[in-house]
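# Structure at a glance
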Amino acid sequence: MARTDWYKDMVFYQIWPRSFCDGNGDGVGDLWGVLQKLDYVKSLGVTGIWFSPLYPSPNADFGYDVSDYRAIDPAYGDLDVFDQVVAAAHERDLKVVMDLVINHTSSEHEWFRQALADADSPYHDYYFFRRGSVDRKGRRVPPNNWDSLLGGSAWEYVEALDEYYLHTFDKAQPDLNLDNPAVRGEVEDVMRFWLDRGVDGFREDVITFVSKPQGLPSDVLGLPGSRGLRLYNCGPRLRSYLMQFRRDVLDSHDCVVVGEAPMLGARKALALTAARRGERPLDLVIGFDHMQADCMYTEYLPRPFSLRKLKRAYAQWQDALGESGWCALYLENHDHPRVVSRYGSEAFRAESAASLAASYLFQRGTPFVYQGQELGMTNVRFDSIEQVPDPQAHAHYRRVVEGGKSPEDALALVNRAGRDNARSPMQWTGEKDAGFCPKDAHEGPWVAVNPNHVEVNVAAEDDDLMSPLSFYRRAIRLRRLLPVVRSGRYHEFKRASTKLYVYARESTWSRLLVMCSFSDEPVTFHVPDTYGDLGGGVLALSNYYVTDAEADDANQLTLRPWETRVYVFGRDAVLVD
Ligand code: GLC
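Residues numbered from 1 in each chain as written. Predicted model: local features only at pLDDT ≥ 70, side-chain atom pairs only at ≥ 80, totals over all residues. Heavy atoms only, no water.

### Some words on the packing of aromatic side chains
For the coordinates displayed, the defined rule picks out 31 aromatic pairs. On the numbers, 6.3 Å between centres and 15° between planes, the contact of Phe 305 with Phe 518 is stacked. Here Phe 305, found in the loop between β13 (298-302) and α8 (307-321), pairs with Phe 518, found in the loop between β18 (510-517) and β19 (523-526); they are 213 residues apart in sequence, far enough to count as distant. Here Phe 305 falls in the partly exposed class, since its relative accessible area comes to 30%. Judged by its relative accessible area of 8%, Phe 518 falls in the buried class. Three or more aromatic residues link up through ring pairs in this structure, and these residues are Tyr 55, Tyr 69, Phe 82, Trp 111, Tyr 123, Tyr 126, Phe 193 and Trp 194. One Lys or Arg, Lys 95, reaches over the ring of Trp 6 and ends 4.3 Å from the middle of that ring. (Phe/Tyr/Trp six-rings, centres within 6.5 Å; stacked < 30°, edge-to-face > 60°. Helix = DSSP H or I, 4+ residues; strand = E, 2+ residues; numbered from the N terminus. Buried < 20%, exposed > 50% of the residue type's maximum accessible area, 1.4 Å probe, protein only. Lys NZ or Arg CZ within 6 Å of the ring centre and 35° of its normal.)

Next comes the structure, spelled out in structure tokens:
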């Protein structure tokens, strides 16, 4: 079957299953809960769902440590209910994309158990086991100087084998050796397994890390904390492995391949997603540059938010990918704090949620909306580190305390940067447990709900035309309606402004002008000359009531706090008039 590029017209909704909806009352989100909420997902106007891992997992990294690639974690359901979810999603014209974690498995995966039990087992070479050395003082030294991205060495010593194994993340996540053809064969079987069950593609976790350099050399130039990364990020055989998966499996299915690509520049993103000699390793990539507008590489190295930095990252990606490449557009996922608390304003929560939505939904690429983002959910605040579930937060907390900071400072950092900000239960109602658990549930939610669920919830926002939820619905419909959003060139105005983000999408027959305030104060805005007095355009979307006098014939506007407006000109304007 020929592959098409339907993904370019999609809008995805990401479900992090543990915190979406608890259907069976045990306090943990599950697929029964998802079944109940598919109509809600559909009501957003999205066209597909990406499920964060549903596989059995000991939860050292909440699903990103997979112990069985061909089953569903019993906490989430089983293959029967998964099949029901896929069928029910397809009945609603929603595609289903699975997470695929192949850089590493769980240390409790059967392959790793066998590898540990017997150095002669074929599974031993599924991972990177190496001997270390002993220094002059008799101390054991790992095989190279690579760092785990969570801190400490990337090597864990196994006494019984007198060998180390490589883990670029947690020691409970040993790296798979994709240089072994048998491992690539296993990956292909896993892909076939899920494609045969009807899924429409994969979001491939840290896929750009999977090819390690021959000989695993030490990284003498790398920065402490990320030594090794330079050598295996977009490693030597990445392209060839991805093309093998294409040829052997993916090309014969009508599916999408989304690659998560941390620390990858826009030029490399282009190389992975633009066709070259008939090869296109990935359909779209999830880049991270725009996630660094308030931090250095990770939210755990915070910096003051810079709108100019954010806009520069957007422009770099939009310009570099142009008409040939393709990227995911996103503000939130399960790995980042809530964007309203981050780049927006909790004081102007609804307004800033909407302005942030318009700031990315009309760019070129495929938008992803993360559960609760459409409500303008905000960060949670934990009172003590014991309440924080994410092991990554604990690793950073320890590092900060060991570095001499107080426990209070370390907790403040976790509260600002932690991934649990995005993992608190979805807020369905203002009632007990935010309606996340059924009313007669035996257990409360596995992690505390945000106290602001009394105001910020689906039930309240559903009926409110000015709520973030209503705005997201309108914006997503508008995006899907307008051909200029699929193909128009990206053009940015007011690059130097620290309060406004203004961009246009322009094609031969139509133009779209998007204005987003990033300020708690009113901001005056001179409409670019090429858009005259806006008189020829249709105001298609806004987050404040705009009177006719304000909307028409104005070449100077005063935007209210976090106001956003989207105008359409030319042929596409007929579609919204
Ligand atoms: C990706 C996932 C993240 C996980 C990491 C290691 O970045 O999104 O949640 O911790 O990979 O698998």
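Now, onward.
### Some points on the sheet that holds β18
Strand order across the open sheet formed by five strands is β16-β17-β18-β22-β20, with antiparallel pairing between neighbours. The strands lining the two open edges of the sheet, one partner per strand, are β16 (489-493) and β20 (538-542). Adjacent strand axes in the sheet meet at a mean angle of 20°, parallel and antiparallel pairs treated alike. Of the strand pairs in this sheet, β16 and strand β17 (residues 500-506) are connected by five bridges, and their pairing is antiparallel. (Pairing = 2+ DSSP bridges. Axes fitted to C-alpha atoms, helices over the stretch in contact; angles between N-to-C directions.)

### Overview of the UniProt feature "domain: Glycosyl hydrolase family 13 catalytic" (unreviewed entry) in the protein chain
Here the UniProt feature "domain: Glycosyl hydrolase family 13 catalytic" (unreviewed entry) sits at residues 14-423. Split by type, residues 14-423 is 31% helix and 13% strand. Its first and last C-alpha atoms lie 12 Å apart. (UniProt positions renumbered as here; feature names shortened; annotations may be inferred.)

### Brief notes about the sheet that holds strand β8 (residues 163-166)
Ordered by their spatial adjacency, three strands build an open sheet running β4-β8-β7, and the pairing between neighbours is antiparallel. If you trace the sheet from one side to the other, it starts and ends with β4 (129-130) and β7 (155-158), each paired once. Across two bridges, the pairing between β4 and β8 is antiparallel. The residue bridging Arg 130 from the neighbouring strand is Tyr 164, located in β8.

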